[in-house]
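So the chains spell out like this:
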Amino acid sequence: MNAKSHDKGRPLAHRLEQMTSFKVVDFLEAAVAMEAQGRDIVRMEAGEPAFDTAPAIAEAAIKALKDEKTHYTPSFGISALREAIAAFYDTRYGLKLSPERVVVTTGSSAALGLICDLYINPGEGLLLTDPGYPCNANFVRRAGGEPQLVPVSADNAYQLTGELVQSSWRDNTIGVMVASPSNPTGEMVDRANQTAIHNTVSRHGGVLIMDELYHGLVYDEKETSVLEITDEAFVINSFSKYFGMTGWRLGWMVAPEDTLPAISVMTQNFYISPPSIAQYAALGAFQPATIGLMEERREILRQRRDFLVPALRELGFVIPHSPAGAFYIYANIEALADDSETFCWDMLERAGVSFTPGTDFGEHLARQHVRFSYTQPMERLELAVERLASALGR
Ligand SMILES: Cc1ncc(COP(=O)(O)O)c(C=O)c1O
């Protein structure tokens, strides 16, 4: 379904005609409705681990409330948080970053939208991977632009390369947005490829936007921030995934210095400031105890991945290589079914396991793929595998 359906009153703006719904939410709502009727559903559709808020984060939030930190803040966020984020780049990547370049946003979603609004004129295009995070295409459309989907496959870890960017670049292309690790595939762009992509984009005078939202949730190797390669790219990050703060709606971007005045025009107008309590709470995220807890959780997620990948392969799902990070498995279902949407609805109904069809993430081989989130505890994942095995007659 797209967002054009509206029967009464004044017709909606044309831009709504192209916007697509987020199917994961359709599955989420169906699963919730089935649960309300008493069905037990193993929930593997949403991109949100079921961990509790870290104690230091919750305490910082309570203190902020007691201290009446409930007012607007500067539109780029409180300085203590911008400094803490900049210091985190030093600890994590050995990068000295000016806090001035850190812009705290209302979730990274706000940052992704802001950057599209910053660069895209009507009729211009932004290269995105297909499959990729579905909201990005809609941010591009909102800016009047054209999402230019580049099919990526398991051959190149479902990621862009310098050559792919070069061969996909059109006259109206203004830049590239990449997520590493990616949603839905969990795959990364390695340092050599990031450098190649950056060089290609620079040659075209374009803009490179690197979504590093799943940094910290990488299991076998160390991730590279694009800021280790260049100061000209935009980095998007968030407290949602590694720090498990989805509902606090807090993200950030690191922007090239010369773009900051224009960004501040937008942040001031579009949302005035990021949420104050969430910002004070996020100061608790950088305490050693919280980082220790997040590292334990990363290990838990790694164990889940290491259980689920071979278990799904046994059932006939094809997963060419174990995903490098995030908490997603993007699996080919050609040996099991013809159409991922029908398959997902069928498995929800018959097996009581909820996961997402590839059609949520683009068009390229989307009916042959599904995405599993391993955000549930191990015993629930085991149950999911048992139920799928029995529904698939294995
Ligand atoms: C790749 C990617 N980018 C951005 C987001 C938006 O996250 P948030 O607005 O919670 O920071 C998500 C959410 O799932 C995502 O997967």
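The notes below deal with the structure included here. In this text, all values refer to a predicted model and were calculated from it rather than measured experimentally.

Parameters and conventions
Residues numbered from 1 in each chain as written. Predicted model: local features only at pLDDT ≥ 70, side-chain atom pairs only at ≥ 80, totals over all residues. Heavy atoms only, no water. Disulfide = S-S within 2.5 Å. Helix = DSSP H or I, 4+ residues; strand = E, 2+ residues; numbered from the N terminus. Polar contact = N/O pair within 3.5 Å; in protein donor to acceptor, adjacent residues only side chain to side chain. Contact = heavy atoms within 4.5 Å. Axes fitted to C-alpha atoms, helices over the stretch in contact; angles between N-to-C directions. Parallel < 35°, antiparallel > 145°, perpendicular 65-115°, else oblique. Nonpolar A, V, L, I, M, F, W, Y, C, P; charged D, E, K, R; others polar. Left-handed = near helix turned anticlockwise from the far one by under 90°.

Glancing now at the state of the cysteines. The final tally for this structure, using the stated rule, is 0 disulfides. Left without a disulfide partner, Cys116 is nearest to the cysteine sulfur of Cys135, which lies 11 Å away. In this model Cys344 remains outside any disulfide bridge; the closest cysteine sulfur is found in Cys135, 18 Å from its own.

For the rest of this paragraph, the subject is the side chain of Ser276. Considering the arrangement of structural elements, one finds Ser276 in helix H10 (residues 276–283). Looking at Ser276, its side chain comes within polar contact range of the main-chain oxygen of Lys69, at 2.8 Å. In contact with Ser276, not counting residues within four places along its chain, are Lys69, Thr70, His71 and Thr73.

Our next topic: the packing of helix H12 (residues 340–351) against helix H13 (residues 378–391). Look at H12 against H13: their axes get within 10 Å of each other, and the N-to-C directions meet at 105°. Between H12 and H13, the interaxial angle falls into the category roughly perpendicular. Each of Met347, Arg350 and Ala351 in H12 lies in contact with H13, whose residues at this interface are Arg387, Leu388 and Ala391. Taken together, the residues of the contact of H12 with H13 sort by class into 4 nonpolar, no polar and 2 charged.

Turning our attention to the packing of helix H2 (residues 23–36) against H12. Relative to each other, H2 and H12 sit at 20°, their axes nearing to 11 Å. When the interaxial angle is binned, H2 and H12 end up roughly parallel. As H2 runs across H12, the sense of the crossing is right-handed. Across the interface between the two elements, Lys23, Asp26, Phe27, Ala30, Ala31 and Met34 of H2 pack against Glu341, Cys344, Trp345, Leu348 and Glu349 of H12. Its residues placed into classes, the contact of H2 with H12 shows 7 nonpolar, no polar and 4 charged.

Everything listed here is a matter of coordinates, which is why it stays silent on function.
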